[in-house]
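Structure assessment
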Amino acid sequence: MANLKLKDVAKVYGGQVEVLKDIDLDIETGELIVFVGPSGCGKSTLLRMIAGLEQISGGTLEIDGMVVNDVPPSERGIAMVFQSYALYPHMTVYDNMAFALQIAKKSKEEIDRAVRAAADKLQLTEYLDRLPKALSGGQRQRVAIGRSIVRDPKVYLFDEPLSNLDAALRVATRIEIAQLKEQMPDSTMIYVTHDQVEAMTLASRIVVLDALKDNGYKYSIAQVGTPLELYETPNSEFVARFIGSPAMNLLEGEIVATGETTTLRTRLGAGTITSNVPSRPEDQGAQVKVGIRPEDAVATDSEDFAFSGKVEVEERLGEVTLLYFERGAGQNDPVIAKLPGIHPGMRGNTVKLTADPAKVHIFQDGTSLLYR
Amino acid sequence: MAVQEDTQGASFIQGQAVIWLIGGLLLVAAIALLLPDVRGMLGNSPILQGVLTIVLGVGGCIGYFWASNIVLDKVIFPAKGANAGKNINRANMVRPWLFIFPAFAALGLYLAYPVVGSFIRSLYDRSGDTFIGFGNYAWLMQDSEFQQAVFNNILWALVVPAGSTFFGLVAAQLTDRLSWGNIAKSLIFMPMAISFVGASLIWKFVYANDADIGIVNAFREWVFGADSVDPLQVSFWNNFFLMFILIWIQTGFAMVILSAALRGIPEETVEAAIVDGASPLQVFFKIKVPQIMGTIVVVWTTITILVLKVFDIVYTMTGGNFGTQILPSYMFEFMFRDDGRATAVAFVIMLIVTPVMVWNIIQARKEMR
């Protein structure tokens with residue numbers, strides 16, 4: 001029920017250590033925005049700044065058109081779900097959920113109605129009298145979410161809410177959060193995670209944070225977009241490799257023909273490979289990196305291929321087979337191909353790889369040719 | 001397997017060697033003690049006496065465990081013959097009792113026996129020859145000074161733990177976030193290192209009936225221009241002036257324990273409360289204090305037990321005069337004069353302390369879980 005506007009937001013610790021810089025972001029009502037980034041990139045810090053738990057060192061934060069930089073957390077209309085749930089251990093589930101309303105001096109009936117409605121929505125009704133220590137991890141997480149729902153906030157903030165759950169519960173709770181979001185189409189949510197699957201499945205838009213070169217290597221927003229935008233058209237090598245697993249293969253190469261589509265020759269390949277990414281005449285001969293996702297790599301017998309190598313490791317997962325290729329000296333990351341189905345006995349073979357022109361990415365100096 | 005047996009054998013031989021060494025030393029010491037010259041030398045040298053005590057004590061402990069285990073394993077339940085397996089199990093059931101026995105014996109001798117002994121003594125009159133039943137207790141009940149002491153003791157037991165815990169809690173919370181908090185904490189903790197008699201001396205100066213010496217009277221003169229009074233003779237309130245000395249001493253204890261407990265509170269619960277709109281006071285009283293309630297109770301009862309035993313402060317400050325009598329100082333009045341009444345008072349004190357102590361132990365155990 002609210003839109004957020006971050007303008008030039010920065011975070012400086014102790015007047016010297018700049019962590020975040022030039023964060024510009026518009027969040028529309030009803031969006032579910034996911035912050036992702038490498039560990040230490042300040043995604044949780046950014047969330048805590050929105051919550052009001054951290055001072056905003058520079059720039060402005062607007063909620064519903066009002067600058068809230070100096071507004072205390074409780075008056076910003078936000079609610080936060082913490083990684084450790086942060087339930088009050090000495091209060092029952094009911095009191096945990098009722099606490100905010102009691103502080104706000106709401107009437108008993110009103111509190112009771114709100115708590116019971118939230119408990120009903122989260123299937124917590126039978127646990128209302130229990131203390132948090134008598135609940136399972138998933139139930140505690142639901143209480144934490146219930147505590148936010150009760151307050152009926154404009155913006156929900158989630159700080160890695162699923163990372164303390166085991167794998168199976170994580171999937172179940174993820175789906176619950178997705179359903180919850182569907183039930184509350186007007187509420188805005190901001191969600192921090194390091195889990196790609198959470199980001200891809202929950203987000204209406206993903207915000208990727210990274211230390212950018214033209215920002216003096218301070219962390220800032222690398223790219224914002226829908227999950228598939230980031231997957232299909234990453235604007236930089238970093239985003240390309242950050243989204244998708246295993247990470248995108250980057251092969252060194254050269255542009256040999258420009259125009260509506262670009263023709264490339266890679267160093268370890270033979271013949272040429274075509275990309276649907278357009279290029280300008282002056283790009284002729286430019287040194288670039290050719291990006292091919294493992295799942296887009298196709299084995300070929302043709303004399304035109306982007307990469308050829310011996311399979312060093314073969315991982316058979318059933319639905320797919322992962323092939324790890326040895327790569328020339330001085331290259332650390334192996335080239336990986338993800339082939340659908342089961343391919344026994346590939347190890348030791350030399351395989352040639354190419355890809356559909358629609359799925360070949362081109363990066364120059366770390367930036368996609370699409371975004372320059 | 002073979003290697004393991006070898007190392008076991010080696011450690012067994014080492015163990016044997018140590019035992020023989022200690023045994024030998026003890027034997028030499030014992031023989032030396034038989035010589036009059038050595039005894040004379042010892043009599044003049046406290047250091048030698050001390051060393052000898054340590055050697056005898058430690059050697060005695062080791063010797064006891066070694067010998068008792070040998071007797072158990074070789075003589076009573078030997079691990080051989082028809083019942084070897086059964087004997088090993090039986091020996092293992094008995095073994096814990098061998099280890100616990102010395103502590104039991106010491107506690108029995110120095111704790112249980114004196115309690116029983118005191119109780120029996122309290123049933124006799126002043127001379128210790130005539131059995132008078134509960135006569136001493138009956139006399140106490142009607143003695144106005146005893147009533148006064150009980151009343152004052154109850155006041156002490158309520159006010160001092162409450163004051164110490166409250167000030168300790170406040171100090172712990174306030175010093176937690178300060179850059180110079182640790183210095184403040186050290187200063188508050190320092191009185192803990194002063195003996196009660198020493199503390200009383202300090203406060204005798206503070207309360208001195210002279211504006212040039214006592215800060216209390218100096219303050220009165222400076223602010224109100226009032227004449228000096230002796231705070232220790234201000235009836236009823238003088239009790240509180242004495243209690244304040246103990247609060248001054250014990251606040252540091254409460255602060256240190258509660259400060260550790262406060263730091264153990266998950267920071268995220270505090271942040272969640274802030275997001276929920278709680279004010280700093282509400283965060284403190286509704287989120288922090290309930291989470292450390294167990295620790296607060298332990299601190300409270302620990303200080304209560306200490307308060308019920310305190311004697312030095314009253315004895316040095318007023319000697320129990322001016323209506324400041326408490327049970328321990330009251331007991332001291334009869335010591336060496338009427339052991340019957342003194343032991344009766346001691347027994348009353350024990351009856352009061354015991355339930356608090358039991359509660360304290362239950363709470364402390366809960367905390368540890």
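Conventions we followed
- Residues numbered from 1 in each chain as written.
- Chains lettered and ligands numbered in written order.
- Predicted model: local features only at pLDDT ≥ 70, side-chain atom pairs only at ≥ 80, totals over all residues.
- Heavy atoms only, no water.
- Phe/Tyr/Trp six-rings, centres within 6.5 Å; stacked < 30°, edge-to-face > 60°.
- Helix = DSSP H or I, 4+ residues; strand = E, 2+ residues; numbered from the N terminus.
- Lys NZ or Arg CZ within 6 Å of the ring centre and 35° of its normal.
- Pairing = 2+ DSSP bridges.
- Axes fitted to C-alpha atoms, helices over the stretch in contact; angles between N-to-C directions.
- Domains from an automatic or database assignment.
- Contact = heavy atoms within 4.5 Å.
- Buried area = accessible area lost by both parts, 1.4 Å probe.
- Salt bridge = Lys/Arg side-chain N within 4 Å of Asp/Glu carboxyl O.

Here we come to the packing of aromatic side chains. Each aromatic ring pair is characterised by the separation of its centres together with the angle its planes make. All told, the structure shown has 28 aromatic pairs over all chains when counted by the stated rule. Ring geometry for Phe311(B) and Phe332(B): centres 5.0 Å apart, planes at 50°, overall tilted. Note that Phe311(B) is positioned in the loop between helix 13 (293-309) and helix 14 (312-317) and Phe332(B) in helix 15 (residues 327-334), a separation of 21 residues in sequence. By way of ring pairs, the aromatic residues Trp203(B), Tyr207(B), Phe241(B), Phe244(B) and Trp248(B) are connected into one cluster. In this structure, Arg293(A) packs its charged tip against the face of Tyr231(A), placed 4.2 Å from the ring centre. We note Arg341(B) situated over the ring of Trp139(B); from NZ or CZ to the ring centre the distance is 3.5 Å.

All names here are of chain A. Strands sit in the order 15-19-16-17-18 across an open sheet of five strands; the sheet is antiparallel. The sheet terminates laterally at strand 15 (297-300) and strand 18 (335-340), the two strands that pair on one side only. For this sheet the average axis-to-axis angle between neighbouring strands, irrespective of direction, equals 50°. Where strand 16 (residues 307-316) lies against strand 17 (residues 320-325), five bridges are found, and the strand directions are antiparallel.

Residues and elements named next belong to chain A. For chain A, the assigned domains read domain 1 (4-241) and domain 2 (246-371). Taking the mean C-alpha position of each, domain 1 and domain 2 sit 37 Å from one another. The interface is formed by 11 residues belonging to domain 1 together with 14 residues belonging to domain 2. Summing both partners gives a buried area of about 1,200 Å² for domain 1 against domain 2, and 49% of it is carried by carbon and sulfur. At the junction of domain 1 with domain 2, the criterion picks out one salt bridge. Put simply, Glu237 and Lys289 hold a salt bridge, and the shortest N to O gap is 3.9 Å.

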